[in-house]
Amino acid sequence: MMGKVMSAASLAVATILSTSLFAQAPRQVPAGTEMKKDLTYAKIGDRELKLDLYLPEGAKEPLPLVIWVHGGGWAKGSKAGCPARRLAADGYVVASVDYRLSGEAAFPAQIEDCKAAVRWLRANADKYGINPDRIGVWGSSAGGHLVAMLGTTSDSGKFDVGDHLDVSSRVQAVCDYYGPTDLLRMDEKPAPGARMKHLDPASPESLLLGGPILENKEKAATANPITYISDKTPPFLIVHGDVDPTVSHFQSELLFDALKKASLPVHFHTIEGAGHGKGFGGADVTEMVDQFFAKTLKSDEPVAAEAKTSTSKASEPAGAAAPMGRGRQLTYEQVMARADRNKDGQVDKDEFAGPPRLFTVLDRNGDGVVDKKDF
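This text gives an overview of the structure that appears in the document. The model shown is predicted, which means the values in this text are computed figures rather than measured ones.

Rules used in this analysis
Residues numbered from 1 in each chain as written. Predicted model: local features only at pLDDT ≥ 70, side-chain atom pairs only at ≥ 80, totals over all residues. Heavy atoms only, no water. Salt bridge = Lys/Arg side-chain N within 4 Å of Asp/Glu carboxyl O. Helix = DSSP H or I, 4+ residues; strand = E, 2+ residues; numbered from the N terminus. Buried < 20%, exposed > 50% of the residue type's maximum accessible area, 1.4 Å probe, protein only. Phe/Tyr/Trp six-rings, centres within 6.5 Å; stacked < 30°, edge-to-face > 60°. Lys NZ or Arg CZ within 6 Å of the ring centre and 35° of its normal. Core = buried A, V, L, I, M, F, W, Y, C linked by side-chain atoms within 4.5 Å. Contact = heavy atoms within 4.5 Å.

### Details of the pattern of salt bridges
Next up, step 1: In the structure shown here, the tally under the stated rule is 13 salt bridges.
Next up, step 2: A salt bridge links Arg-100 to Asp-113, with the nearest nitrogen and oxygen atoms 2.8 Å apart. In this pair, Arg-100 sits in the loop between β4 (93-97) and α3 (109-123) while Asp-113 sits in helix α3, placing the two residues 13 residues apart along the sequence.
Next up, step 3: On the accessibility criterion, Asp-113 (2% relative accessible area) is buried.
Next up, step 4: Of the charged contacts in the structure, one is a salt bridge between Lys-313 and Glu-272, with a shortest N-O distance of 2.7 Å. One end of the pair, Lys-313, is in strand β9 (residues 307-313); the other, Glu-272, is in strand β8 (residues 266-272), and 41 residues separate them in sequence.
Next up, step 5: Overall, Lys-313 belongs to the exposed group, its relative accessible area being 62%.
Next up, step 6: Under the relative-accessibility criterion, Glu-272 is labelled partly exposed at 29%.

### Topic: the packing of aromatic side chains
Next up, step 1: Counted under the stated rule, the structure contains eleven aromatic pairs.
Next up, step 2: Taking NZ or CZ as reference, Lys-158 lies 5.4 Å from the ring centre of Phe-159, over its face.

### A look at the nonpolar core
Next up, step 1: By size, the foremost hydrophobic cluster in this structure holds 55 residues, and its most contacted members are Tyr-41, Leu-51, Leu-53, Ile-67 and Leu-121.
Next up, step 2: Ranked by residues supplied to this core, first place goes to α3 with seven residues.
Next up, step 3: Once residues within four sequence positions are removed from consideration, Leu-121 is found in contact with Leu-51, Leu-53, Leu-65, Ile-67, Ala-95 and Ile-130.
Next up, step 4: Listed in part, the 26 residues of the second largest apolar core include Val-66, Val-94, Tyr-177 and Ala-274.

Structure (C-alpha cells):
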C-alpha cells in the first residue's frame, strides 16, 4: 500500500519540472537588492525576535517601506520566502517579520511583536534608508489579521509595549489578504466544502486566545480590528477569494462594511473562484497591489475617502488538481536547489512558489515543511 502511495506521489512530484516554479532558477532576492537577514528588532527575556530586510541598492533618498507579515494560523510559518520582496525592485525597502506563534505565547503577543517591529524600523529609518512617514503593511491569512490590527490601532498606544515607545507604530497603508476579522463569527457563511470548525476548543482561534474561544469572548473582541477603527485608520486594500474554505469571505465583508461606515478609504477586491490564497496569481491582482502601495506610499496626493469594490477571476480554480504524469522522482537536493529560497535546508508553505497541492505531495509526513525527512 505504501509503495502505491509513494508511486502516485512520485508521478505528481515529477510534474513540478514543468511548472513555473522550476522553469527558471529562482532568486533569493530581486536583482539589485541587498538582503540583511536575521536583524533583531526586540527581545522578550532571552528570546530574540528577528526580521529580514530587502534594500534596493543605490538609492539616493529614503524609500517607502512595506512590511510583510506571514500567515499560518498564528501557529506556524516564518519570515522566510517573503512574497513582498519583489517590491524592492520597484523602489521600496521590504521587511519580513517573525513574531511569537500561538504555541509560544497567546494573544496579544503577536500584535505586540508586529508593533515592536514597526517601531524598531521607524527608529532605525536613517540607518536603512527608510522614509519613516511612508510605511505600509501586507499580510495573508493570520498575517492579514495582524496587518489589519496594525492599521486600526495606529497611534492609539494599544498593544505598544517594549522598546522605542517614543516612536510611533503608525502605518500609512494596509493590504489585507483574506485575513480573519471577528473570531467569534468565523463559522458564519462558510464556503461550500468548508470543514474547519472555528469555535472548537482546538481551533487556531482558540489556540491564539489561549483557551476555548467561547470561554474567551471578551478577549476575542480585543483581537477584532473593527474594535479600533478611528479617523486615524489608514487606507485599506482587502483581497479575498469568494470560495475560501478556511477564512470565509464574510470575514472581509465585515471589515469592509465597518471601514465604509466610518467613511474611510477602502478597496475590497473579490477574486471569484479563488480559495485560501489559491487563484491569486493573476497579473491584475499584482498590478492592483502595486498601484495601491504606489498611491498610498509614493504619491503626495491624499487618498480619497471612498469605499469601492471590484472583482476578477481566479488565476486557477480553487479545487484544481495538480497534473499527473510520468517521470523520475525528484531528489531532496533538486527540490532544495529550486525551492529553498532562503537556503535553510527546508521549505514551508509561505516560501513555496508552486501550486499548493504540489506542496502537499512533497510534504509526505505532513509536518508543514518540506525537508530531508520527506525523502
